[in-house]
Amino acid sequence: MSNINNSRTHDRRLGGDEKHTAGSGLGPNGGRTASCGGRQRETVGGKCETRSDAPAHAENAQRKVMAHGGACDGDWWRASASGSSAVSGSNGGSSYAGGQWAAGDEPLYYIVSPKDVVIAKPRDTEDHIAWLLQHGWHEKALAVAESGQGRSELLDEVGSRYLDHLIVERKYGEAASLCPKLLRGSASAWERWVFHFAHLRQLPVLVPYMPTENPRLRDTAYEVALVALATNPSFHKDLLSTVKSWPPVIYYALPVISAIEPQLNTSSMTDSLKEALAELYVIDGQYEKAFSLYADLMKPEVFDFIDKHNLHDAIRDKVVPLMMLDCKRAVPLLIQNRDLISPPEVVKQLLNADNKCDCRYFLHLYLHSLFEVNPHAGKDFHDMQVELYADYDPKMLLPFLRSSQHYTLEKAYEICIKRDLMREQVFILGRMGNSKQALSVIINKLVDIEEAVEFVTMQHDDELWEELIKQCLHKPEMVGMLLEHTVGNLDPLYIVNKVPNGLEIPRLRDRLVKIITDYRTETSLRHGCNDILKADCVNLLIKYYKEARHGISLGNEEDEPRVKMSDDHASQNISVIVFFCCHGYHTTCLTDSSYTNSSKKEIEVTSQEAETYDDYNGYLDDASDDSEETKPSGPRMRCILCTTAAG
């Protein structure tokens, strides 16, 4: 009993006043309580093992021991039992200093009773972790396991127990966030927990933590994760970010596409899901389907996508979305590919579009650009284009009216009257042949005498000049303006004689001075132009005369193989006569011809001379075919008499 008393003394000195509830078997710090009958219970500081051949008696002895108190503190165990026969330590001679046992010197205590023996041992790390887990302190157990004091497999066991605990507590987000730390590089563990989360319908919370390399899981695990995100509208944005961030090589896109496609055109279809589906189509190589979704989503990069994958055929049904997205890029795209999508198809789609966009403006931009590229490509829509110009770009209407011949004049005139477009009315009236009414519009509504004079000048109609003067005579200011602007077109004296007596014309003296000055200037310019014209004619005649007097080569090495003389002249040295008109004659031929040919022959020679002149300019004379073996390839000197004689 002295040993027990000594142990109690040590207990009070080292462990304080901790007490146990009789029979509870739980220590406050996670040890194992002494056990009897083959069972073990944790105490404060160590293990207690029982060796007994009579379990029932051993258990009674255990109760007796625990009733009096048995505890361990630090690294050793203390106990007392009223029914024990002896308590002894196996390391009774070991040192104990500083309040704890030295490493390797921890004692073993035997509690002996008449029926059993209880062995008390110091607890280890696994005992401590097991006790923490038993009491729900998983975080502390994980911290102990991470300290590396136990087996390497212990961390996996603790992690699995911890995750199971969080799943039971429905703390799925916390469990998912701990998976990278607890599962680490084990692909099999990751796959097991992926499918477990999928079974619990909580896989979306795990997806952000799933590894894509080191370890890389089976493609099925990633596909299941993406499908789980696609089936829940609240996770569609996460699906899009996941598809963009995950490497395409780790999964097959087709199973995910098959899961998303049934949701198209349903209430569960969101823009994020559409974009994710488009990304999956790109991964799977279905570029046309991806383009269709990108166009519906109004993605600015759709134009680069078209050029990158050569999807110009696919724009046929997406005219309106492309125009709404960026009309400045869509219009050139449609015009460049008008062989694939004709102008009537483009116009039809724009006219049938809903009211969400100003499709008439898009139609104006398209037809305007088409007209600039090819004025006849959209000729069937020129009547419509007149109205579009009047609504969106009135300044371009008049150039269009002047350039096009495919619009109805009556319809265009009605549109111009409704929009009060005066100059356009004048032009249309002029084309309709109603020049007097057009002139009336210029004078009475535009009050622009310059344009009136220009209009009358372009019509080349003397009656219009009379009409212009007639309509201006009752307006003194118009008469003065008419005098200023008709110089060079009408005689100012003719207009002055038409002016009624007593009509006061503002600034008449200044205008008459200007008319006289302009007339003198015009007369001086005409005389100067005539002098320049005469000087140019003289200079050109002199130049022509000098050119005509130049010497002409009658024979050279290049002409010899082409010009073949007749046998009569081949061996003779005969002189020739060449005129300034470049016609050449043998002297003998010319002399003989002048004395022997009759007047009829001379007339024939004259006609043949004209034909020979044509031959000189590159035309072949039919009469020379019999006398020459080879036709000349270029102009050459030929004797007219020889040629006619051969004929």
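Residues numbered from 1 in each chain as written. Predicted model: local features only at pLDDT ≥ 70, side-chain atom pairs only at ≥ 80, totals over all residues. Heavy atoms only, no water.

**Student:** Can you break down the overall build of the protein residue by residue, with the values?
**Tutor:** Within the protein, the secondary structure is distributed over 31 helices and 10 strands. Intrachain contacts of the protein at a sequence separation of at least 6 include 54% that bridge at least 24 residues. Surface summary for the protein: the accessible area is close to 36,700 Å², and the carbon and sulfur share equals 50%. (Helix = DSSP H or I, 4+ residues; strand = E, 2+ residues; numbered from the N terminus. Contact = heavy atoms within 4.5 Å. Areas by Shrake-Rupley, 256 points an atom, 1.4 Å probe, with all protein chains shown as cover.)

**Student:** I'd love a proper account of the packing of helix 25 (residues 476-485) against helix 27 (residues 508-548), names of residues and values included.
**Tutor:** It is the contact of helix 25 with helix 27, at a shortest axis distance of 9 Å, that shows an interaxial angle of 15 degrees. As summarised for this structure, helix 25 and helix 27 are arranged roughly parallel, according to the angle between their axes. Crossing of helix 25 against helix 27: the hand is left-handed. Along the contact surface, helix 25 presents Glu477, Gly480, Met481, Leu483 and Glu484, while helix 27 presents Leu508, Arg511, Lys514 and Ile515. (Axes fitted to C-alpha atoms, helices over the stretch in contact; angles between N-to-C directions. Parallel < 35°, antiparallel > 145°, perpendicular 65-115°, else oblique. Left-handed = near helix turned anticlockwise from the far one by under 90°.)

**Student:** Report on the pairing of strand 8 (residues 116-122), specifying residues and quantitative values.
**Tutor:** Where strand 7 (residues 109-112) lies against strand 8, 4 bridges are found, and the strand directions are antiparallel. Within the sheet, the bridge partner assigned to Ile111 lies in strand 8 and is Val118. Joining the antiparallel neighbours strand 7 and strand 8 is a turn of 3 residues. (Pairing = 2+ DSSP bridges.)

**Student:** Before we move on, can you summarise the packing of aromatic side chains with the specific residues and values?
**Tutor:** As enumerated under the stated definition, the model contains 10 aromatic pairs in all. Aromatic side chains Tyr294 and Phe305 sit 5.4 Å apart centroid to centroid with 70 degrees between the ring planes, which places their arrangement in the edge-to-face category. Residue Tyr294 is found in helix 12 (residues 287-296), and its partner Phe305 is found in helix 13 (residues 302-309); the two are separated by 11 residues along the sequence. Cluster of aromatic residues (ring-pair linked, three or more members): Phe371, Tyr389, Phe400 and Tyr407. (Phe/Tyr/Trp six-rings, centres within 6.5 Å; stacked < 30°, edge-to-face > 60°.)

**Student:** So what's going on with a nonpolar patch on the surface? Residues and values would help.
**Tutor:** On the surface, Val496, Leu508 and Leu512 cluster together to form a nonpolar patch covering roughly 200 Å² of accessible area. Turning to its location among the elements, Leu512 is positioned in helix 27. (Patch = residues over 30% accessible without salt bridge, like charges linked within 9 Å, V, L, I, M, F, W, Y side chains within 5 Å. Salt bridge = Lys/Arg side-chain N within 4 Å of Asp/Glu carboxyl O.)

**Student:** Go over unusual backbone geometry with me, naming the residues and quoting the values.
**Tutor:** Here the bond from Asn214 into Pro215 is cis, since omega is 5 degrees, no more than 30 degrees from zero. Its location among the elements puts Pro215 in the loop between helix 7 (187-199) and helix 8 (219-230). Non-glycine residue Asp420 carries a positive phi angle of around 60 degrees. Tracing the sequence through the fold places Asp420 in the loop between helix 20 (409-419) and helix 21 (422-432).

**Student:** Quick one: what's the story with helix 11 (residues 271-284), residue by residue and with numbers?
**Tutor:** With 14 residues, helix 11 should reach 20 Å at 1.5 Å per residue; the first-to-last C-alpha distance of 20 Å fits that figure. Where helix 11 is buried, its residues meet helix 8, helix 9 (236-245), helix 10 (253-260) and helix 12. Backbone geometry just downstream of helix 11 places Gly285 in the positive-phi region, at approximately 85 degrees. (Expected span 1.5 Å × (residues − 1).)

**Student:** Give a description of a negative patch on the surface that names residues and reports values.
**Tutor:** Residues Asp461, Asp462, Glu463 and Glu466 make up a contiguous surface patch of negative charge. In this fold, Glu466 is placed in helix 24 (residues 462-472). (Lys, Arg positive; Asp, Glu negative; His and termini not counted. Charge placed at Lys NZ, Arg CZ, Asp CG, Glu CD.)

**Student:** Lay out the confidence of the model for the protein in plain terms, naming residues and giving numbers.
**Tutor:** Summing up the model confidence of the protein, the mean pLDDT is 74 and the portion of residues at 70 or higher is 66%. In the predicted structure, residues 556-571 sits below a pLDDT of 50 and forms 11 contacts with residues beyond four places in sequence or in another chain. (pLDDT = per-residue confidence, 0-100.)

**Student:** Give me the pattern of salt bridges: which residues, what numbers.
**Tutor:** Tallying each qualifying case throughout the model produces 15 salt bridges. Its salt-bridge partner being Arg511, residue Glu477 comes within 2.9 Å of it at the nearest N-O pair. One end of the pair, Glu477, is in helix 25; the other, Arg511, is in helix 27, and 34 residues separate them in sequence. Look at the salt bridges and you will find they share partners, linking Arg360, Glu387, Asp391 and Arg419 into a network.

**Student:** Break down the side chain of Asn337 for me, citing the residues and quoting the values.
**Tutor:** Within the secondary structure, Asn337 sits in the loop between helix 15 (327-336) and helix 16 (343-351). Once residues within four sequence positions are removed from consideration, Asn337 is found in contact with His312 and Ile315.

**Student:** How would you sum up the side chain of Glu191? Please name residues and give values.
**Tutor:** Here Glu191 is to be found in helix 7. Leave out the neighbours within four places in its chain, and Glu191 touches Leu217 and Arg218.

**Student:** Residues and numbers for the nonpolar core, please.
**Tutor:** Ranked by size, the top nonpolar core spans 81 residues in total, and within it Phe197 and Phe291 carry the most contacts. Once residues lying within four places of it in the same chain are set aside, the contact partners of Phe197 are Ile167, Tyr172, Ala175, Ala176, Cys179, Gln202, Leu203, Val205 and Leu206. Core analysis: the second largest hydrophobic core is formed by 46 residues, Val426, Leu429, Ala438 and Val441 among them. (Core = buried A, V, L, I, M, F, W, Y, C linked by side-chain atoms within 4.5 Å. Buried < 20%, exposed > 50% of the residue type's maximum accessible area, 1.4 Å probe, protein only.)

**Student:** How would you summarise the packing of helix 10 against helix 11 if you had to cite specific residues and measurements?
**Tutor:** Two elements in contact, helix 10 and helix 11, have axes separated by 9 Å at closest approach and are oriented at 145 degrees. Crossing geometry of helix 10 relative to helix 11 is assigned as left-handed. In contact with Ala253, Leu254, Val256, Ile257 and Ile260 of helix 10, helix 11 contributes Leu273, Leu277, Leu280, Tyr281, Ile283 and Asp284. Each residue belonging to the contact of helix 10 with helix 11 can be placed in one class, and the counts come to 10 nonpolar, no polar and 1 charged. (Nonpolar A, V, L, I, M, F, W, Y, C, P; charged D, E, K, R; others polar.)

**Student:** Account for the environment of Gly173, with residues named and values stated.
**Tutor:** Within the fold, Gly173 resides in helix 6 (residues 172-183). Sequence separation between Gly173 and Leu203 is 30 residues, and the spatial gap between their C-alpha atoms is 10.0 Å.

**Student:** Tell me about helix 15, and name the residues and values.
**Tutor:** Buried within helix 15 are the following residues: Cys327, Ala330, Val331, Leu333, Leu334 and Ile335. Next to the buried residues of helix 15 lie helix 13, helix 14 (319-325), helix 16 and helix 17 (359-373).

**Student:** How would you sum up the environment of Leu163? Please name residues and give values.
**Tutor:** You can see Leu163 is positioned in helix 5 (residues 153-168). Leu163 gets classed as buried once you look at its relative accessible area, which sits at 1%. Each C-alpha atom, one on Leu163 and one on Ala176, is 8.6 Å from the other, the two residues being 13 residues apart in sequence. Residues in contact with Leu163, not counting those within four places in the same chain, are Ala175, Leu178, Cys179, Leu182, Leu183 and Trp193.

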